[in-house]
Amino acid sequence: MTSTANATALRRRRRRTTLVGWSFILPNFLGFAALTLVPVVATLLLAFTNWNSYSTPEWVGLDNFRRMLDSDNFWAALSNTTYYAVGHIPLTLAASLGLAVLLNQKLRGVGVLRTAFFFPYITSLVAVAVVWNMLLSPDVGPVNQLLKAVGVAHPPGWTTSTDWSMPAVIIASVWRDMGYYMVLYLAGLQTIPAELYEAARVDGAGPWKRFWHVTVPGLRPTTFFVLVMLTVASFKVFDLIQVMTEGGPGRSTLVLSQLIFREGITQGRFGYSSAISLVLFLLVMGITVIQFQLQRRHER
Amino acid sequence: MSTTVLRKDSATDGAPPSGGAPSRARTEPRRGRSRAGRVVGQVLLYTVLTALSAAILVPFAWMLVSSVKLDAEVFTVPIQWIPKSFHWENFADIWTEIPMLTYLGNSLFLSVVITFLQVLTGSFAAYGFAKVRFPGRDALFLAYIATIAVPWQAYMVPQYIIMQRIGLVDTHLSLILLQAFGAFGVFLMRQYYQSIPEELSEAARLDGLSEYGIWARIMLPLSKPALASLALLTFVFTWNDYMGPFIYLTSNDLWTVQLGLRSFVGVYDSRYAMIMTGSVLSVLPILVVFLLGQRHFVQGIATSGMK
């Protein structure tokens, strides 16, 4: 008798806790579910339908993907996105690591310098894009004036040239992002015990050796994290390119996110654009999984 | 002490070729020699750092200098890094040239509302995830984490369709709904709440405080640094956001400062100075917010590691 009473009391208390727990999560969850969770799942389904602004969704299996493989725009966007990632990831990684190592000291004024390097990251994007477009202006921009001054007879046309527009975008994006990853690296540097440097020094390791044998291994978890973040960020790049070049000239800086935007929102081809979205997602996912595997193998 | 020097070595050595010689002399752990080397190293390091930061700040210098020039003076050969004459009237004219006040107002409105909602619902939900045990909680949290890994661009089209169906395209409300309930705030706050010892909430429970009471009276005051980080990051990202307003807002009177500036560039391609004046005005509020709460910024990024 008492045990069943206890059991009901316990059950009631549990139900209460569950309700309380949900009540905390619900205000955020409603918005999150409706505008993030549902759209994510919808992308998966819509990719296999033919649907545009004027029609009702119709299941078409892999048609969208076949169409994508035949589309020049898709291949251009895919290769441009890869180009951007291949430039942006290593350059940002090297720059942020270098800055962090340089700034990881108890020096007077180092805080001011850290601020200076970090500030581009939170500067408004349109301002960044517009300023870089001016700096890289082909005829009279400061960058090309400098290049001419040091003897480059025909400096690049940057955002006006199909060959140089992507490097121009990469330069601006590395400048903008390196401060953010520098902060991550600075946090990582704090976790390397000072004794390791001491020991390396006693063993007669020079600065270069200490960097490669103490700093770099000590930063491995941070580097892994930075690499994953950078990869995701590179493959979904959109806003900086949209403002700097709008994908041009021609389609020399057209990237996947832009293609999704054009097909899905400008043209209203919901099904087809979802298929491209799915490819973008799988691409990011696949690379992240590979990075995880490599990291795990390294730890073993 | 010696470790700071060590790291300094490894740093200077990496940058200019000239940094090699003096620091190599310091690899012997002898005091007399290392002292002179240290001074040289310091000087070198400062030189490198100053040169680097100057290079990185060039775009800002360009922006500031150009903002007080005449349009025709912006691109000259050679560049005038110090303007011949200062045209401060640019900063007075821009308000009538484009509806700058409306744009700034819209940006401010969106940033404040979104930040407020994100911090409020984020910290509330985070308490549920961190401190209340109930079935299904961890699975639910996994759903949150999983979507952080999905690029937003991959589901922006279905989002847009939903907004279109409920008639919210071209309203501020659409952006507020889209950005106020992000998983990021929940994630950041949960990390912080988990570092607060369980005993605290346990003791408060014994004292008869309800879970809501614990959140309001104990967790919120304790998590001020994390709240500040989240608030600052959300504010700045909303202020700087381009894609959201670009996709959803078509009416000029709803535009944020980012959109307004971009359209100004599109229409008046050669009004270089005025464009830079607008850029300075769009960056200024961020600079103020950043300088006021710098510490929280860096902490927020370092602990969460995500945008």
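Residues numbered from 1 in each chain as written. Chains lettered and ligands numbered in written order. Predicted model: local features only at pLDDT ≥ 70, side-chain atom pairs only at ≥ 80, totals over all residues.

As recorded in an unreviewed UniProt entry, chain B goes by the name Sugar ABC transporter ATP-binding protein, listed as coming from Streptomyces dysideae. UniProt's Sequence similarities (unreviewed entry) comment on chain B is quoted here verbatim: "Belongs to the binding-protein-dependent transport system permease family." Taken verbatim from the UniProt record of chain B, the Subcellular location (unreviewed entry) comment is "Cell membrane". (UniProt positions renumbered as here; feature names shortened; annotations may be inferred.)

The name given to chain A in an unreviewed UniProt entry is ABC transporter permease, with the source organism recorded as Streptomyces dysideae.

Looking now at the overall build of chain B. Along the backbone of chain B there are 17 helices and zero strands. Looking at chain B as a whole, 44% of its 307 residues qualify as buried. A separation of at least 24 residues holds for 74% of the contacts in chain B among residues at least 6 apart in sequence. (Helix = DSSP H or I, 4+ residues; strand = E, 2+ residues; numbered from the N terminus. Buried ≥ 20, exposed ≤ 12 C-beta atoms within 10 Å, placed from the backbone. Contact = placed C-beta atoms within 7 Å.)

This brings us to the overall build of chain A. When its secondary structure is counted, chain A shows 13 helices and two strands. Dimensions of chain A, computed from C-alpha atoms along their principal axes, come out at roughly 90 × 65 × 35 Å. Looking at the 300 residues of chain A, the share that counts as buried comes to 45%. Counting contacts in chain A only where the partners sit at least 6 residues apart, residues at least 24 apart contribute 68% of the total.

All right, on to the interface of chain B and chain A then. Between chain B and chain A, the residue contacts involve 82 residues of the former and 80 residues of the latter. Per element, the largest residue contribution to the side of chain B that touches chain A is 11 residues, and it comes from helix α1 (residues 2-14) of chain B.

Residue and element names in this part refer to chain A. Within this numbering scheme, the UniProt entry marks residues 20-48, 83-103, 115-135, 218-238 and 270-290 as carrying the feature "transmembrane region" (unreviewed entry). A distance of 40 Å separates the end C-alpha atoms of residues 20-48, which is 93% helix and 0% strand. Secondary structure across residues 218-238 comprises 81% helix and 0% strand; the distance between its end C-alpha atoms is 33 Å.

Now for helix α4 (residues 110-122) of chain A. Here α4(A) spans 19 Å end to end across 13 residues, near enough to the 18 Å set by a 1.5 Å rise per residue. Buried within α4(A) we find A:Arg114, A:Phe117, A:Phe118, A:Pro120, A:Tyr121 and A:Ile122. (Expected span 1.5 Å × (residues − 1).)

Attention now moves to unusual backbone geometry. All names here are of chain A. Notably, Trp158 is not glycine yet its phi reads approximately 45 degrees, a positive angle. Along the polypeptide, Trp158 turns up in the loop between α6 (142-149) and α7 (165-190). According to the C-beta neighbour criterion, Trp158 is buried, with 24 such atoms within 10 Å. One non-glycine residue, Glu246, lies in positive phi territory at about 55 degrees. Its place among the elements puts Glu246 in the loop between α11 (239-244) and α12 (256-266).

Our next topic: the environment of B:Ser174. All names here are of chain B. Structurally, the position occupied by Ser174 is in helix α9 (residues 172-180). Ser174 sits 80 residues away from Ile94 along the chain, and the two C-alpha atoms are 29 Å apart. Those residues within four positions of Ser174 in sequence are excluded, and the remaining contacts are Met163, Leu168, Val169 and Tyr248.

Moving on: helix α10 (residues 220-235) of chain A. In a regular helix each residue adds 1.5 Å, so 16 residues correspond to 22 Å; α10(A) covers 22 Å between its end C-alpha atoms and thus fits that length. Among the residues making up α10(A), those that are buried are A:Thr222, A:Val226, A:Leu230, A:Ala233, A:Ser234 and A:Phe235.

The next point concerns the domain arrangement of chain A. Put simply, an interface is often sized by how much accessible area is lost when its parts join up. Partitioning chain A into domains gives domain 1 (2-46) and domain 2 (71-299). The centre of domain 1 of chain A, based on its C-alpha atoms, is set 39 Å off from the matching centre of domain 2 of chain A. (Domains from an automatic or database assignment.)

Below, the discussion takes up the UniProt feature "domain: ABC transmembrane type-1" (unreviewed entry) in chain A. Summarizing the sequence annotation, UniProt attributes the feature "domain: ABC transmembrane type-1" (unreviewed entry) to residues 78-291 of chain A in the numbering used throughout. In this annotation, residues 78-291 of chain A is assigned 75% helix and 0% strand; the end-to-end C-alpha distance for the span is 20 Å.

Another point: the UniProt feature "transmembrane region" (unreviewed entry) in chain B. Residues and elements named next belong to chain B. According to UniProt, the feature "transmembrane region" (unreviewed entry) maps to residues 43-65, 108-129, 141-161, 173-193, 214-239 and 272-292 in the numbering used here. Secondary structure across residues 141-161 comprises 71% helix and 0% strand; the distance between its end C-alpha atoms is 26 Å. For residues 272-292, the end-to-end C-alpha separation is 31 Å, with 100% helix and 0% strand making up the annotated structure.

Turning our attention to the nonpolar core. What tends to happen in soluble globular proteins is that the nonpolar side chains get buried as a cluster. Residues and elements named next belong to chain A. Ala129, Met182, Ile276 and Leu280 are the most contacted members of the largest nonpolar core, which totals 157 residues. Ranked by residue count, the leading element in this core is α7, at 15 residues. Ignoring anything within four residues of it in the chain, the contact list for Ile276 reads Met68, Phe74, Leu256, Leu259, Ile260 and Glu263. (Core = buried A, V, L, I, M, F, W, Y, C linked by C-beta atoms within 7 Å.)

To continue, consider the confidence of the model for chain B. For chain B, per-residue confidence averages 79 on the pLDDT scale, and 87% of positions sit at 70 or higher. Segment residues 1-32 of chain B: pLDDT under 50, and 62 contacts once partners within four positions in sequence are set aside and those in other chains are kept. (pLDDT = per-residue confidence, 0-100.)

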